[in-house]
Amino acid sequence: MASTRCLFTILLGITTYWTLFSLSLGNPGGLFLFPQFYDHTCPQAPAIVKSIVEKAYAKDPRMAASLLRLHFHDCFVKGCDASVLLDTSGTMVSEKRSNPNKDSLRGFEVIDEIKYALENECPQTVSCADIVALAARDSTVLTGGPSWEVPLGRRDSLDASVQGSNNNLPAPNSTLSSIITKFKLQGLDIVDVVALSGAHTIGDTRCASFRQRLYNQSGNGVPDFSLNPAYAAGLRTKCPSSGGDQNLFFLDLVTPFKFDNQYFKNLLVYNGILNSDEVLFTQSAQTMELVKLYAENNELFFEQFAKSMVKMGNISPLTWPMGEIRKICRRVNHH
């Protein structure tokens, strides 16, 4: 009787496993991602990631926004698979060379340092994709933002897609409909669009990313009327009509190093520096209401941002037996 019960338990376990496995193959969100993934194989992993992110942030407060952006730019191209970290090699062109990434995406050395520490602690166990996801969460918390449990278990890609990076990432001068479409292709809805845009509460942008708003928004030599004239006048002093492309400006001019809902308050008074930010308030009644809601309620914004980050982190992950655990995040392993 006992042996029959034992056999039944084993069979039930196998059936459940294969049901989950078959479901996960058809589920781009990957059922096999869960926060406890490394509890037995590398329990120190989250603490190691956190300590190195803290050290990098103490040295350079801009790094928090950079690491958060790295996760976004990874997930929107082929899923959250660390393809964004790969250097150009042979016939493979790095995503670092794409228009959205060149001269602006940073934080790679911090990821290298984390990977080196983790390889010493537990060799070939923790993926680069999971490191990027954890670093994004830790960066948010360090700057005063919400925390969330990061589902883990992603594996690393064997290639990159510079074309995907050029095509899939919303540009700073995008229309709202273009932004919504690009998010929708990743399984993210309009609430995710507004909440995740709130990441621009920290970090910087370059003059080249918003210059057209100051001088020539629609190709007729006229500035963008949805940009506060007083704010625009100040921006012109450091962002000339030509030259100064790399000059940096805070995305949130009020609390640039604090993760809060000030970004949404800025949009209400037309102080969103990027076109892709201000259109959330000017081009749709639905997104306008969400902007107002988050401007009024920081707690609600934090709650939704955490949910949307988990959802974004679940975009088409590679799980076993696909992909690999890279030894060095910048290149694939030798096979």
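Calculation notes
Residues numbered from 1 in each chain as written. Predicted model: local features only at pLDDT ≥ 70, side-chain atom pairs only at ≥ 80, totals over all residues. Heavy atoms only, no water. Helix = DSSP H or I, 4+ residues; strand = E, 2+ residues; numbered from the N terminus. Rg over C-alpha atoms; globule rule 2.2 N^0.38 Å. Contact = heavy atoms within 4.5 Å. Areas by Shrake-Rupley, 256 points an atom, 1.4 Å probe, with all protein chains shown as cover. Lys, Arg positive; Asp, Glu negative; His and termini not counted. Charge placed at Lys NZ, Arg CZ, Asp CG, Glu CD. pLDDT = per-residue confidence, 0-100. Core = buried A, V, L, I, M, F, W, Y, C linked by side-chain atoms within 4.5 Å. Buried < 20%, exposed > 50% of the residue type's maximum accessible area, 1.4 Å probe, protein only. UniProt positions renumbered as here; feature names shortened; annotations may be inferred. Salt bridge = Lys/Arg side-chain N within 4 Å of Asp/Glu carboxyl O.

(A) Examining the overall build of the chain more closely. Counting its secondary structure elements, the chain contains 14 helices and two strands. Its C-alpha radius of gyration of 21 Å places the chain within 12% of the 20 Å reference for a compact globule of 335 residues. Seen along its three principal axes, the alpha-carbon backbone of the chain occupies a region of about 80 × 40 × 35 Å. Contacts in the chain between residues far apart in sequence, at least 24 positions, make up 75% of those at least 6 positions apart. When the accessible surface of the chain is totalled, it reaches about 15700 Å², and 58% of it is carbon and sulfur. With 31 positive and 32 negative side-chain charges, the chain shows a spacing of 3 Å between the two charge centroids.

(B) Geometry of the confidence of the model for the chain. Here the chain averages 92 in pLDDT, while 90% of its residues score no lower than 70. Per-residue pLDDT stays below 50 along residues 1-30; that stretch engages in 16 contacts with residues further than four places along the chain or on separate chains.

(C) Layout of the nonpolar core. Leu85, Ile111, Leu118, Phe264 and Phe305 are the most contacted members of the largest nonpolar core, which has 70 residues in total. In terms of residues, this core owes the most to one element, helix α5 (residues 128-142), which gives eight residues. Ignoring any residue separated from it by four or fewer positions in sequence, one finds leucine 118 in contact with Cys42, Ala45, Ile48, Val49, Pro123, Val126 and Ile131.

(D) Inspection of unusual backbone geometry at higher detail. For the bond from tryptophan 320 to proline 321, the omega torsion is 10 degrees, close enough to zero to count as cis. Structurally, proline 321 is set in the segment after α14 (298-313). Look at alanine 82: it is not a glycine, yet its phi comes out positive at around 65 degrees. As for its position among the elements, alanine 82 is in the loop between α3 (63-75) and α4 (108-121).

(E) Highlighting the side chain of serine 308. Summarising the element assignment, serine 308 is placed in helix α14. We classify serine 308 as buried; its relative accessible area is 0%. Contact partners of serine 308, with chain neighbours within four places excluded, come to Asp192, Ala195 and Leu196.

(F) Here's a closer look at the UniProt feature "binding site: heme b" (unreviewed entry) in the chain. What UniProt calls "binding site: heme b" (unreviewed entry) maps, in this numbering, to His200. The topology assignment puts histidine 200 in the loop between α8 (190-197) and β1 (204-206). Residue class for histidine 200 comes out partly exposed when judged on its relative accessible area of 27%. Leave out the neighbours within four places in its chain, and histidine 200 touches Leu251, Asp252, Tyr263, Leu274 and Asp277.

(G) Up close: the pattern of salt bridges. For the structure shown, the criterion picks out 18 salt bridges. Across the pair aspartate 204 and arginine 62 runs a salt bridge whose closest N-O atoms are separated by 2.7 Å. Here aspartate 204 is found in strand β1, whereas its partner arginine 62 is found in the loop between α2 (45-59) and α3, with 142 residues between them in sequence. When the shortest N-O distance is used, the salt bridge between aspartate 87 and lysine 96 registers 2.5 Å. On the basis of relative accessibility, which here comes to 27%, the residue aspartate 87 falls in the partly exposed class.

(H) Up close: the UniProt feature "active site" (unreviewed entry) in the chain. Per the UniProt annotation, the sites labelled "active site" (unreviewed entry) are His73. Among the secondary structure elements, histidine 73 is positioned in helix α3. Excluding anything up to four places from it in sequence, histidine 73 contacts Val84, Glu95, Pro100, Asn101, Leu105 and Leu169.

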